[in-house]
Amino acid sequence: MNLKNGRFDKALGVSLLLAMLAVAGCGSDSGGGGPIVGPAPSKTSPGSGLFAVDCGKDRAYIPLSSLDNNGNGQVAVINIGVNPDTTDPRVTTVSLTHPDIPVGTALDSDHGLIIVTSGQTSGKDGFVDVIDQKTNTLVAGSPFAFPAGSQPGFFGQLLYNPTTHLALLATCNSSSCSSGNPLTGFVTFDPVTHAFGTIIPANYAESFALNSATDVIIDASDSSGAGAMDSVDVAGERACTLTDSNIGSDQDGASTDSETNITVISNEDGTASVLNLNGSTFNPGAGTPCTLDEAGTLPNSVLVSGLPGETAGSAVNGKTHQAFLIEDSNSGVSLIQLPTASVNQLTSGDLGTPAISSIPNDPLGNAWGTKGDPYAVAVGECKNTGYAVDSSFQFLVQVDLKTLQDNPSNISTGLPAGSCAGTTTTTFKCTNGNGVTFFPLPGVL
């Protein structure tokens, strides 16, 4: 307690109370671009993907693959805090004001905003829409046009950096959407002022990882070959080359633990590259060409094998220091334990044995296949949960990662007979009682 002239400093007391509420997760949000009082934002950007999860508010924001009745794109808002066996989790669907399918979303936890990218038509520039979480409506001015001549393209990935309070968007040239063009790379976007930065030329990202502490991007791109990939010095506005012999030839899902500077790259061949970038440095200090050099003995990495064959997308839980990985169009899921503290040299002994399982058939009885390209994977740090969306956009699935870690075979337990709340077509319940819960999307009647 702070006393001022023998009396309690009221302003400081209020600040301390708000801080305690934030830590306890008991705050409320102001929405609409104002500051958020609630669970502290993660220091880790969990990995770029199709949809965004706000575990502090028990909400998931899922871009849908179809247009609404007016021919506009849509984003479903799902309540992931309810039991879908008894409560319909579908809160609302936010319609965009233009005929574009959204391909990427990110959570701005500082201002209660959801950032959405769309636009992948050849010769047409892309858009950014911003959704106010408090009202589930678009903020004034949406959509905001991408920098002239650019769009998000087919993958359309983006992440929000809670340190710089800026979003980072992957871009490509609107006419060709290929690497090697000055409009292809990354650009910053301010979710509050809606201002774009200058495009940093780089390879076109299939997905990318962001270290929110160092503001460095690791880009998984089809344009990169085996043993090398792009690393982007955002502050220096330059793309450099990261070389590591354990990097695969088909780099897919990328995610980074910002606390330990460990990056996970899935290779869609049953392996994942775990890179230790602790102590890495850009050389030279400015300008291009340049490299991002690992510290320690090269390669400062481990190639994890034995994963499901189509393992592609990944997302990191920065609190448990684990990577949740999904298969592209198949049901396999994996969990890799990463170091819980920074290490100078990464060895296989620093990683736990991967926990591997599969998602059971959905409540309609259909075999599960996770959406790929862009990868539909995310984590909820608050409750240690992983999420995926199926290729048909019927369900969002939640996987309890503690169960996956301790009893991976339980995850694949089939659903009991019944139905999901609010639906008439499901023949099985939404929960299997063994760590898996399905949340119906608007397409399920």
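Residues numbered from 1 in each chain as written. Predicted model: local features only at pLDDT ≥ 70, side-chain atom pairs only at ≥ 80, totals over all residues. Heavy atoms only, no water.

Peer 1: Talk me through the overall build of the protein; I want residue IDs and the actual numbers.
Peer 2: A count of helices and strands for the protein gives three helices and 34 strands. Expressed as a percentage of its 445 residues, the buried residues of the protein come to 55%. In the protein, once contacts between residues fewer than 6 apart in sequence are set aside, the share between residues at least 24 apart is 55%. If you sum the accessible surface of the protein, you get close to 16,200 Å²; carbon and sulfur atoms cover 52% of it. (Helix = DSSP H or I, 4+ residues; strand = E, 2+ residues; numbered from the N terminus. Buried < 20%, exposed > 50% of the residue type's maximum accessible area, 1.4 Å probe, protein only. Contact = heavy atoms within 4.5 Å. Areas by Shrake-Rupley, 256 points an atom, 1.4 Å probe, with all protein chains shown as cover.)

Peer 1: Mind laying out the sheet that holds strand 31 (residues 377–380), listing which residues take part and the relevant values?
Peer 2: Strands sit in the order 31-32-33-34 across an open sheet of four strands; the sheet is antiparallel. The open sheet has two edge strands, strand 31 and strand 34 (436–440), and neither has a second partner. Neighbour-to-neighbour, the strand axes of the sheet open up by a mean angle of 25°, direction not taken into account. One ladder, built from five bridges, connects strand 33 (residues 395–400) with strand 34; its direction is antiparallel. Looking at the pairing, V397 lines up with F438 of strand 34. (Pairing = 2+ DSSP bridges. Axes fitted to C-alpha atoms, helices over the stretch in contact; angles between N-to-C directions.)

Peer 1: Run through the packing of aromatic side chains, naming residues and quoting values.
Peer 2: Under the counting rule described, the total for this entry stands at eight aromatic pairs. With 5.4 Å between their ring centres and 70° between their planes, F154 and F155 make a pair best called edge-to-face. With relative accessibility at 11%, the residue F155 sits in the buried group. Taken together through their ring pairs, the aromatic side chains of F144, F146, F189 and F196 make up a single cluster. (Phe/Tyr/Trp six-rings, centres within 6.5 Å; stacked < 30°, edge-to-face > 60°.)

Peer 1: Describe the side chain of D328, with residues and values.
Peer 2: Note that D328 resides in the loop between strand 28 (322–327) and strand 29 (332–337). Buried charge without a salt bridge: D328, with K371 as the nearest opposite-charge side chain at an N-O distance of 7.2 Å. Engagement of the side chain of D328 in a polar contact is seen with the side chain of S329, the distance being 2.8 Å. Once residues lying within four places of it in the same chain are set aside, the contact partners of D328 are E268, E310, A312, T370, G372, D373 and Y375. (Lys, Arg positive; Asp, Glu negative; His and termini not counted. Salt bridge = Lys/Arg side-chain N within 4 Å of Asp/Glu carboxyl O. Polar contact = N/O pair within 3.5 Å; in protein donor to acceptor, adjacent residues only side chain to side chain.)

Peer 1: Describe the sheet that holds strand 21 (residues 254–257), with residues and values.
Peer 2: The strand order across the open sheet built from four strands is 21-22-23-26, with neighbouring strands paired in antiparallel fashion. The strands lining the two open edges of the sheet, one partner per strand, are strand 21 and strand 26 (301–304). The average undirected angle you get between the axes of adjacent strands in this sheet is 15°. One ladder, built from five bridges, connects strand 22 (residues 262–266) with strand 23 (residues 272–276); its direction is antiparallel. Within strand 23, the residue paired with V264 across the bridge is V274.

Peer 1: Go over the pattern of salt bridges with me, naming the residues and quoting the values.
Peer 2: Following the criterion strictly, the structure yields six salt bridges and no others. A salt bridge links D100 to K124; the nearest nitrogen and oxygen atoms lie 3.1 Å apart. Of this pair, D100 sits in the loop between strand 6 (90–95) and strand 7 (102–108) while K124 sits in the loop between strand 8 (113–118) and strand 9 (127–132), and the two are 24 residues apart along the sequence. According to the relative accessible area criterion, D100 is buried, its value standing at 4%. For R238, the salt bridge identified is with D233, shortest N-O distance 3.0 Å. Owing to a relative accessible area of 4%, R238 belongs among the buried residues under this scheme. The class for D233 is buried, based on a relative accessible area of 12%.

Peer 1: Help me get a handle on the state of the cysteines, residues and values and all.
Peer 2: In total, this model carries four disulfides according to the counting rule given. At a sulfur-sulfur separation of 2.1 Å, the disulfide partner of C172 is C177. Across the S-S bond linking C172 and C177, the dihedral sits near -90°, which makes this disulfide left-handed. Residue classification places C177 among the partly exposed positions, given a relative accessible area of 24%. In this model C240 forms its disulfide with C290; the gap between the sulfur atoms is 1.9 Å. The sign of the S-S torsion, about -85°, decides the handedness of the disulfide formed by C240 and C290: left-handed. One end of the pair, C240, is in strand 20 (residues 238–243); the other, C290, is in the loop between strand 24 (281–283) and strand 25 (291–293), and 50 residues separate them in sequence. (Disulfide = S-S within 2.5 Å.)

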